[in-house]
Every structure is written in structure tokens, then in C-alpha cells.
Amino acid sequence: MLRESVFRTMDLPPRDRFDAWAQRMRSTHAPMRLSTDHTEGYRGHQRVIELGEVVVWPATMDPLTFHRTAKLVRQSDPETYHLSLLLKGEGAAVWDRRQAVYRINDFHTNSSSRSWDVTTGADPVTIVGVEIPRALVPIPGHRVDRILGGLISGREGSGALLAQFLRQLIGDTGSYRPSDAPRLGTVVADLVTVAFAHAVDADPSVPPETRGRSLVLHIKDHVRRHLADPDLTPARIAEAHHISRSYLYRLFQSEGVGIAAYIRDQRLAGAHRDLADPALRALPINAVAARWGFLRAAEFTRAFRTAYGLAPSELREQALNTGEDGRDAKAGAGAGHRAPVDGTPEP
């Protein structure tokens, strides 16, 4: 059987789970800053399979944002390439003023020697991560750098071969002997090299619809991180992302909801969750409203009743009577405050 370790945040007290997961991610890949809307009771499960110098790690995790900054690159660089095969959920990356969006059966690629931001979608994601030393990929680094950050399809060509091998490998590690590990690592390195070489030769441009979808994911992440700000407006959001308000409106038309409605719905869902949480029963309703960006109590009550069919006070009373903890509140809530976890303070 291959050497394998398993880590589950659910084995830890709820308050310790996100910090432990962040440390696990940093040790698996490279020093990073991580942030999430779900610090309390964070859910993550990871297997680490060692194949000589190559590491394969299937994982499922709650929504998360990874930040690899230039400062962290200077402080520590293990000189590895990373690939993530997305099996469930969605994500997006930003690097060198470029961006890409990833969907199921896409590979995300990056390097520990570069800075980047990766954000998952609003739902949990399942991936198969691969860490491979750059020295094991016999392609000039400056050529690989051209395609890093972009996606490689796991549905066709060399990417499909790599995806199929990884799925088979993680599906049954018990059929291999420990002595097979280095040879399997060589197979992974060869398949990664072929996939990179194909991408380098093709060097496709990013379609406009892909850029738009990536931007929407990052805007949604920005909204969830700033819900407590009463001045979170379409104009401010457009300014923060260096786009016009009209383009922002067009982006969200394809989402089936306007940007203003998206902000309101996220705020209401967050307030619903807090009001349904017995641990917050001593927090006044107007304080709950304010922490989600509602400064006028009457406006909050009207919007809440329209969305949920009952007043905030009625929801709180109902939740206390039934013992509901708010986890089944209407989906889509983000947190008004994110808790970054950083092994090294930023200036």
C-alpha cells in the first residue's frame, strides 16, 4: 500500500478547524495567506499520497481564497509546479493582471515561484492536487511560465490522460506496493510534462466569456467580504474592479440576478443565519441588521419579510423554539467579516 496520510478538520474543535486547515494547505504547497467566510466549523478533508518527489492530494473543502504574495515567494520558494483537477465546484485565479475560471474537469496550474490569487466558488470544492518539483518537468521554465495560471482541459487530449490516471490512482491506492511510489511519481511527472508541452505549443488565448465568468466570481467574492459596509454599491464595486457600471450590470444579467439584488440577498441570508443562531440570541435585531449593512431598521424588516415571509423577530422566536442553528437558512449567505490566516504578516 502507498504511503498516505489523512487529515480531517471535523476531528478538531470547531474553533480550531480553519487555522489547522490553513496550516495544512501551507505545508502541502507553499506559504500562503488564506481567507474564508466559514471560519467557524470549517470543513475540510485531505489525503496526501507520496510518490517519491511527487505528491498527489485529493481534498474536499469549504469555500476558500488562497493568496500567494510576492513577499511570501521571496521568503520561501520550494520551486514546485502545482496542478489542481477540479472534480466538484468552481474557482478562478488572478495572476500578472490575467485571470482564468475553472469548472469541473479543468486543471488549474501555478508555480510556487509566482504570486497569484485563487478563489473557489460559493459551494464546497473537490480537487485532486499535484505538487511536482520544477526540475522533474524538462521544459524551459520561461516557456512553462507562459501557460501557468491558465486552464488545461481534463476532458480531452493529454489533459484527459493525466486526469484519468489521477482518478484511478486515488480510487485504489491499496493495490500498489510502497516500492511502486517512485515509479508512479515518474508517470505523473511524464504526463504533466506532456500536458504542459501541449499547452505551450497551443498557447490559446482566453475567450471573452471565460474572462467575464472569472470576473463575476471575483466580484462575488469581493461582495461577500464587504457585506458589512453600508456603502457597498454597484459604483464602488465597479471602481474596485476597474470596470464601468454598465459592464458590471451586463455581467450580472447573465447570472439571472442584478448586482444590487445579489448584494441584498447575500445580506438577508447572512442576517437570517444570525437570527436563527441561538448563540446570538442576546444580540439585538438592529445590531444584526447593522452588521450586514442594513442601517435602517424599518427597511431591513420590510426586506426580510418580503424574502422570508415573516419578520426578523418571528424568525428568531421560531428558531429558539425549534432549536434551529441557522445552517439550513436560505443558501447564498456570505460573512460580513473574513478572517485571514497568514503565517507571515504583510506590510
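Here goes a summary of the coordinates provided. (Residues numbered from 1 in each chain as written. Predicted model: local features only at pLDDT ≥ 70, side-chain atom pairs only at ≥ 80, totals over all residues. Heavy atoms only, no water.)

## Notes on the overall build of the chain
Scanning the chain from N- to C-terminus turns up twelve helices and 13 strands. In the chain, the proportion of contacts linking residues at least 24 apart, taken out of those at least 6 apart, comes to 76%. For the chain, the computed accessible surface area is about 16,500 Å², with 51% contributed by carbon and sulfur atoms. (Helix = DSSP H or I, 4+ residues; strand = E, 2+ residues; numbered from the N terminus. Contact = heavy atoms within 4.5 Å. Areas by Shrake-Rupley, 256 points an atom, 1.4 Å probe, with all protein chains shown as cover.)

## Points about the packing of aromatic side chains
For the structure shown, the criterion picks out eight aromatic pairs. Aromatic pair Phe-294 and Phe-300: ring centres 5.1 Å apart, planes at 50°, arrangement tilted. The same class applies to Phe-294 and to Phe-300, which are both buried. Judged by centre distance (4.8 Å) and plane angle (45°), the rings of Phe-304 and Tyr-308 are tilted. On the criterion of helical spacing, the pair formed by Phe-304 and Tyr-308 is a turn pair, its members being four residues apart in helix α11 (residues 297–308). Of the two residues, Phe-304 and Tyr-308, both sit in the buried class. Among the aromatic residues, ring-to-ring pairing joins Phe-7, Phe-18, Trp-21 and Tyr-42 into one connected group. (Phe/Tyr/Trp six-rings, centres within 6.5 Å; stacked < 30°, edge-to-face > 60°. Buried < 20%, exposed > 50% of the residue type's maximum accessible area, 1.4 Å probe, protein only.)

## Some thoughts on the environment of Arg-302
Among the secondary structure elements, Arg-302 is positioned in helix α11. Overall, the relative accessible area of 55% leaves Arg-302 in the exposed class. Remark: the alpha-carbon pair of Arg-302 and Pro-312, spanning ten residues in sequence, is separated by 9.4 Å.

## Some remarks on the packing of α11 against helix α12 (residues 312–322)
Orientation of α11 relative to α12, taken along the N-to-C sense of each, is 60°, at an axis distance of 9 Å. Relative to α12, α11 is oriented oblique. Residues Phe-300, Thr-301, Phe-304 and Arg-305 of α11 form the contact with α12, whose own contacting residues are Pro-312, Glu-314 and Leu-315. (Axes fitted to C-alpha atoms, helices over the stretch in contact; angles between N-to-C directions. Parallel < 35°, antiparallel > 145°, perpendicular 65-115°, else oblique.)

## Considering the packing of helix α9 (residues 259–275) against α11
With their axes 11 Å apart at the nearest point, α9 and α11 run at an angle of 90° to one another. If you check the angle between α9 and α11, you find them roughly perpendicular. Counted together, Leu-268, Ala-269, Ala-271, His-272 and Leu-275 of α9 and Phe-300, Ala-303, Phe-304, Ala-307 and Tyr-308 of α11 form the full contact between these two elements. Here the contact of α9 with α11 is built from residues that sort into nine nonpolar, one polar and no charged. (Nonpolar A, V, L, I, M, F, W, Y, C, P; charged D, E, K, R; others polar.)

## Notes on α9
With 17 residues, α9 should cover 24 Å at 1.5 Å per step; its first-to-last C-alpha distance of 24 Å lies within 8% of that length. Burial analysis of α9 places 13 of its 17 residues in the buried class, which makes it a mostly covered element. (Expected span 1.5 Å × (residues − 1).)

## Brief notes about the environment of Tyr-176
With respect to the secondary-structure elements, Tyr-176 resides in the loop between α4 (157–171) and α5 (181–202). Exposure remark for Tyr-176: the relative accessible area of 17% places this residue in the buried category. Apart from residues lying up to four places away in sequence, Tyr-176 is in contact with Met-1, Leu-2, Gln-168, Leu-169 and Leu-184.

## Topic: the side chain of His-29
Checked against the element boundaries, His-29 lands in the loop between α1 (17–28) and β2 (33–35). Within the local environment of His-29, its side chain forms a polar contact with the side chain of Glu-131, the two groups lying 2.7 Å apart. Those residues within four positions of His-29 in sequence are excluded, and the remaining contacts are Pro-78, Thr-80, His-82, Asn-110, Ser-112, Trp-116 and Glu-131. (Polar contact = N/O pair within 3.5 Å; in protein donor to acceptor, adjacent residues only side chain to side chain.)

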